[in-house]
Amino acid sequence: MIKLNKYHRGMSLIEILVALALSLLIMGGAITLLSNNKRVYKDQNEMGRLQENARFGIEILIKDIRMAGYVGCVDNIDNIQNHLNGASNDDNIFAIQNPIEGSDNAANWVPSNSSDQVATMATGTDGITIRYLDPNGMQPTAKMPTTSANIQVTNVAGLEIGDIIGVADCESAEVFEITGFPSTDKIQHNTGATAFVGNATKVLQKRYGDDAFIVKFVANRYYIRANGFGNNSLYRQEANGNVLELIEGVDSMQLLFGEDTNNDTIADQYVNAAAVGATNWNNVVSVRLALLINGVDQNFSGNQDTTTYNMLGTNVGPFNDYRRRKIFTNTVSIRNRGS
């Protein structure tokens, strides 16, 4: 039989309570630290996503705005012949005679007065349309035997029937739709029914040779509209009719156009599209843009956004939701006009 020492004792109730209290304090501190770290991570992740969206959107817009009106080494846009059906109408997306257009406060595009996509634009937002010939292309391998002949190239890889392209040298340029490939090294530009818009004429201004370039025609409309998830996004309508959602979480885009009023290739004033009017777009040498980006997801544990944002002189908000927001701005020179 084992005898217990009379001095052997267990823990007292007070000691147990003290131990429990200390354990709760340590556990509470650990939970608080974990919660704070989670909140900081969420905030940093949200801000990182917001900044990445802003960087992506700004870079896309800058790239296109800089190229507005580029038509190769042709120094006179009047020497560009547009063969597409309806090309003489200023209010379609193929009107290369208007290298840059603006929509102020979701109104019709200026100077064309086109209502294209206007009905879908978010109230109070601006839009911009940019047209140019892509500088990356290929050269014909031989001079066209006639002005209506197929254009001979090394191969037609990267091109599709229905693509809108241009052929240009330093004297003139043409814009037309590819209607077919009679062989793997020839581009057809016939009239008649096609997969897209079609050509009104097939006869070009001249017989283009191996000193010319064949490039894609770019026409992009950028604007803000609501997506299917209750948030505004930056959208782009392209020359082929495709409408793409580029960035979710763009509450507003505001634009000012820099006008050169004394012919020194430097903007003397920045005004909205309506103020540029129908006749002064040839004087626009730069664009000032602002995007108000939100964090997409709402954080209901944070503060309600009651801020009124000043975007290039236009007040936007308050939105009274729980999204994080920030304004991003940039001024872009149009390389083919400004210094």
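Residues numbered from 1 in each chain as written. Predicted model: local features only at pLDDT ≥ 70, side-chain atom pairs only at ≥ 80, totals over all residues. Heavy atoms only, no water.

**Student:** Which parts of the structure should I look at to understand the overall build of the chain?
**Tutor:** Within the chain one finds 2 helices and 17 strands. Radius of gyration (C-alpha) of the chain: 30 Å, far over the 20 Å computed for a compact globule of 339 residues. For the C-alpha atoms alone, the extent of the chain along its principal axes is close to 120 × 55 × 35 Å. In the chain, buried positions account for 43% of the 339 residues. Once the 27 positive and 35 negative side-chain charges of the chain are each reduced to a mean point, those two points are 14 Å apart. (Helix = DSSP H or I, 4+ residues; strand = E, 2+ residues; numbered from the N terminus. Rg over C-alpha atoms; globule rule 2.2 N^0.38 Å. Buried < 20%, exposed > 50% of the residue type's maximum accessible area, 1.4 Å probe, protein only. Lys, Arg positive; Asp, Glu negative; His and termini not counted. Charge placed at Lys NZ, Arg CZ, Asp CG, Glu CD.)

**Student:** What am I meant to see in the nonpolar core here?
**Tutor:** Generally speaking, a soluble globular protein has its nonpolar side chains buried in company with each other. Counting residues in each nonpolar core, the largest one holds 37 residues, and the members touching the most others are Ile65, Ile128, Tyr222 and Phe257. The leading source of residues in this core is helix H1 (residues 13-67), at 8 residues. Core analysis: the next-biggest nonpolar cluster, separate from the first, contains 17 residues, Ile80, Ile96, Ile164 and Ala219 among them. (Core = buried A, V, L, I, M, F, W, Y, C linked by side-chain atoms within 4.5 Å.)

**Student:** I would appreciate a short explanation of the side chain of Asn82 in the present structure.
**Tutor:** By secondary structure assignment, the location of Asn82 is in strand S1 (residues 80-82). For Asn82, the side chain forms a polar contact with the main-chain nitrogen of Leu84, separated by 3.2 Å. Excluding anything up to four places from it in sequence, Asn82 contacts Ala87, Phe94, Ile96 and Val175. (Polar contact = N/O pair within 3.5 Å; in protein donor to acceptor, adjacent residues only side chain to side chain. Contact = heavy atoms within 4.5 Å.)

**Student:** How should a nonpolar patch on the surface be read in this particular structure?
**Tutor:** A contiguous nonpolar surface patch, about 390 Å² in accessible area, is contributed by Leu13, Ile16, Leu17 and Leu20. Among the structural elements, Leu17 can be located in helix H1. Note on Leu17: relative accessible area 48%, which makes it partly exposed. (Patch = residues over 30% accessible without salt bridge, like charges linked within 9 Å, V, L, I, M, F, W, Y side chains within 5 Å. Areas by Shrake-Rupley, 256 points an atom, 1.4 Å probe, with all protein chains shown as cover. Salt bridge = Lys/Arg side-chain N within 4 Å of Asp/Glu carboxyl O.)

**Student:** What is the right way to look at the packing of aromatic side chains in this model?
**Tutor:** The geometry of an aromatic ring pair comes down to the distance between the two centres and the angle between the two planes. Counted by the stated rule, this structure contains 3 aromatic pairs. Seen from their ring centres, Phe257 and Trp281 are 4.9 Å apart, and the 70° between their planes marks the pair as edge-to-face. Pair noted here: Phe257 is in strand S12 (residues 250-259) and Trp281 is in the loop between helix H2 (273-276) and strand S14 (284-294), with a separation of 24 residues, a long-range link. Between the aromatic rings of Tyr309 and Phe319, the centroid separation amounts to 6.5 Å while the plane-to-plane angle is 50°, which identifies the pairing as tilted. Taken together, the residues span a long stretch of sequence, with Tyr309 in strand S15 (residues 309-311) and Phe319 in the loop between strand S16 (314-316) and strand S17 (325-333) at a distance of 10 residues. (Phe/Tyr/Trp six-rings, centres within 6.5 Å; stacked < 30°, edge-to-face > 60°.)

**Student:** Sorry if this is basic, but what is going on with unusual backbone geometry here?
**Tutor:** Working note: non-glycine residues mostly have negative phi, and peptide bonds are mostly trans. The linkage connecting Val110 with the following residue, Pro111, adopts the cis geometry, with an omega of 15°. Relative to the assigned elements, Pro111 resides in the loop between strand S2 (100-103) and strand S3 (127-138). With an omega of 5°, the peptide bond between Gly317 and Pro318 qualifies as cis. With respect to the element layout, Pro318 can be found in the loop between S16 and S17. At Asn113, a position not held by glycine, the phi torsion is positive, near 65°.

**Student:** Whenever I open this one, the sheet that holds strand S7 (residues 180-183) confuses me. Can you help?
**Tutor:** Hydrogen bonds along the backbone pair up the strands of a sheet, which may run parallel or antiparallel. Read across the sheet, 3 strands follow the order S4-S8-S7 without closing on themselves; strand pairing throughout is antiparallel. Both outer strands of the open sheet, strand S4 (151-152) and S7, are each paired with one neighbouring strand and no more. Taken together, the 2 bridges between S7 and strand S8 (residues 186-188) define a ladder with antiparallel strand orientation. Pairing of Gly180 across the sheet is with Gln188, part of S8. (Pairing = 2+ DSSP bridges.)

**Student:** For this particular structure, what's the right way to read the environment of Gly69?
**Tutor:** You can see Gly69 is positioned in the loop between H1 and S1. Residues Gly69 and Ser114, spaced 45 residues apart in sequence, show a C-alpha to C-alpha distance of 19 Å. With near-sequence residues (within four places) excluded, Gly69 lies in contact with Pro99, Arg131, Tyr132 and Asn336.

**Student:** How should the confidence of the model for the chain be read in this particular structure?
**Tutor:** Parts of the model with low pLDDT should not have their predicted coordinates read in detail. In the predicted model, the chain carries a mean pLDDT of 87, and the fraction of residues at 70 or more is 90%. The element-level mean pLDDT for the chain is lowest in H1, coming to 80, with S15 highest at 97. (pLDDT = per-residue confidence, 0-100.)

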